[in-house]
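If you want the building blocks of each chain, they are given just below.
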Amino acid sequence: GGDGTLLKMMRTLQKNDGLLLGINFGTLGFLSELHPSQWEETLTQIFRGKYFVDERILLKAFVWRQNAHGEKEKIFRAYALNDLVFGHGGLARLTNFRVRVGRRNLSTYRADGLIFATPTGTTAYSLSAGGPIVHPGVDAITVSPVAPHRLTHRPIVLGADRAINLDFDARAESVSLTVDGQIHFSMRPSDEVTIQRATRTAKFIRLKQLL
């Protein structure tokens, strides 16, 4: 398939420490390594051990919600190879996204949305929102606001070694989370989110070593 198929299989096989080889039957095929016409010759090369492993970091997100006893419960978990995108649901209005890195406040972004991207995902939606391109070998997470209200709210590159905490303006009627453009989860404004680098990685077979 295309990149969407690889993204889906990465989540489907998340408990297995295997290697992924993409054969592009789709359109862009940014993550894919082969064209269908190359499969026979290339698989012979791979079975002989003539390949490289391209290891990419993943993001892991937890959504927390208070239960009837006032205790926080984990209600949703997701892994992302590209990005985690937060928006205001179906209404065209600004939302305040309060971001903390570790125990320190990073900023309160007043924007249409907020994108947390891996280096792999910096060439996807994050790039369209003005975010930087980060080499896949860099251990980082980018934060890019979508249509920010303030000129000082620019994309930023963070180290991936600390957890990021996110909460929202209680006046918002709804908040949405989209994982890799494929999974949608509707949240309440009172929910909180933890984002961190996952312990597992996505490993792709490459015929040539990346720069």
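Just so we're clear, the structure is a prediction, and the values are computed from it rather than from any experiment.

Draft legend 1. Spotlight on the sheet that holds strand S12 (residues 192–206). Here we have six strands laid out as an open sheet, ordered S2-S1-S12-S9-S4-S5, and antiparallel in their pairing. Both edges of this open sheet fall to strand S2 (72–80) and strand S5 (104–111), since each of them pairs with a single strand only. On average, each strand axis in the sheet is inclined to that of its neighbour by 25°, with strand direction left out of account. As paired strands, strand S9 (residues 164–168) and S12 are joined by three bridges and run antiparallel to one another.

Draft legend 2. Inspection of the sheet that holds strand S11 (residues 183–187) at higher detail. The strand order S8-S7-S6-S3-S10-S11 describes an open sheet built from six strands, whose pairing is antiparallel. Looking at strand neighbours, the two that pair on one side only are strand S8 (156–159) and S11, the edges of this open sheet. Averaged over all pairs of adjacent strands, the angle between their axes in this sheet comes to 20°, without regard to strand direction. Across five bridges, the pairing between strand S3 (residues 83–87) and strand S6 (residues 113–117) is antiparallel. Counted as the bridge partner of Val85 is Ile115 from S6.

Draft legend 3. How the structure looks around the packing of aromatic side chains. As enumerated under the stated definition, the model contains five aromatic pairs in all. Note on Phe76 and Phe185: the rings are 4.3 Å apart at their centroids and 10° apart in plane angle, and the pair reads as stacked. Taken as a pair, Phe76 in strand S2 and Phe185 in strand S11 lie far apart in primary sequence, 109 residues in all. With respect to burial, Phe76 and Phe185 carry one shared label: buried. With a centroid separation of 6.0 Å and an interplanar angle of 45°, the aromatic rings of Phe86 and Phe168 are classed as tilted. In this pair, Phe86 sits in strand S3 while Phe168 sits in strand S9, placing the two residues 82 residues apart along the sequence. Residue Phe86 is classed as buried on the basis of its relative accessible area of 0%.

Draft legend 4. Representation of unusual backbone geometry. Positive phi, normally seen in glycine, also occurs at Ala147, with a value near 50°. Among the residues examined, Ala147 registers a relative accessible area of 44% and is labelled partly exposed.

Draft legend 5. Fine view of the pairing of S9. Burial analysis of S9 places five of its five residues in the buried class, which makes it a mostly covered element. Here S9 shows two buried faces, one formed by Ile164, Leu166 and Phe168 and the other by Asn165 and Asp167. In this structure, strand S4 (residues 95–101) lies alongside S9, joined through five bridges in antiparallel fashion. Looking at S9, one finds that Val99 is bridged to Leu166.

Draft legend 6. A look at the confidence of the model for the protein chain. Taken over all residues, the pLDDT of the protein chain has a mean of 87, while the share at 70 or more is 91%. Per-element confidence in the protein chain is highest for strand S7 (residues 140–146), whose mean pLDDT is 97, and lowest for helix H1 (residues 3–12), whose mean pLDDT is 75.

Draft legend 7. Geometry of the pattern of salt bridges. The final tally for this structure, using the stated rule, is seven salt bridges. We note a salt bridge from Arg100 to Asp167, for which the minimum N-O separation is 3.1 Å. Pair noted here: Arg100 is in strand S4 and Asp167 is in strand S9, with a separation of 67 residues, a long-range link. Asp167 gets classed as buried once you look at its relative accessible area, which sits at 14%.

Draft legend 8. Main features of the side chain of Thr42. Residue position: Thr42 is located in helix H2 (residues 39–47). Classification of Thr42 by relative accessible area gives buried; the value is 6%.

Definitions and limits used
Residues numbered from 1 in each chain as written. Predicted model: local features only at pLDDT ≥ 70, side-chain atom pairs only at ≥ 80, totals over all residues. Heavy atoms only, no water. Pairing = 2+ DSSP bridges. Helix = DSSP H or I, 4+ residues; strand = E, 2+ residues; numbered from the N terminus. Axes fitted to C-alpha atoms, helices over the stretch in contact; angles between N-to-C directions. Phe/Tyr/Trp six-rings, centres within 6.5 Å; stacked < 30°, edge-to-face > 60°. Buried < 20%, exposed > 50% of the residue type's maximum accessible area, 1.4 Å probe, protein only. pLDDT = per-residue confidence, 0-100. Salt bridge = Lys/Arg side-chain N within 4 Å of Asp/Glu carboxyl O.

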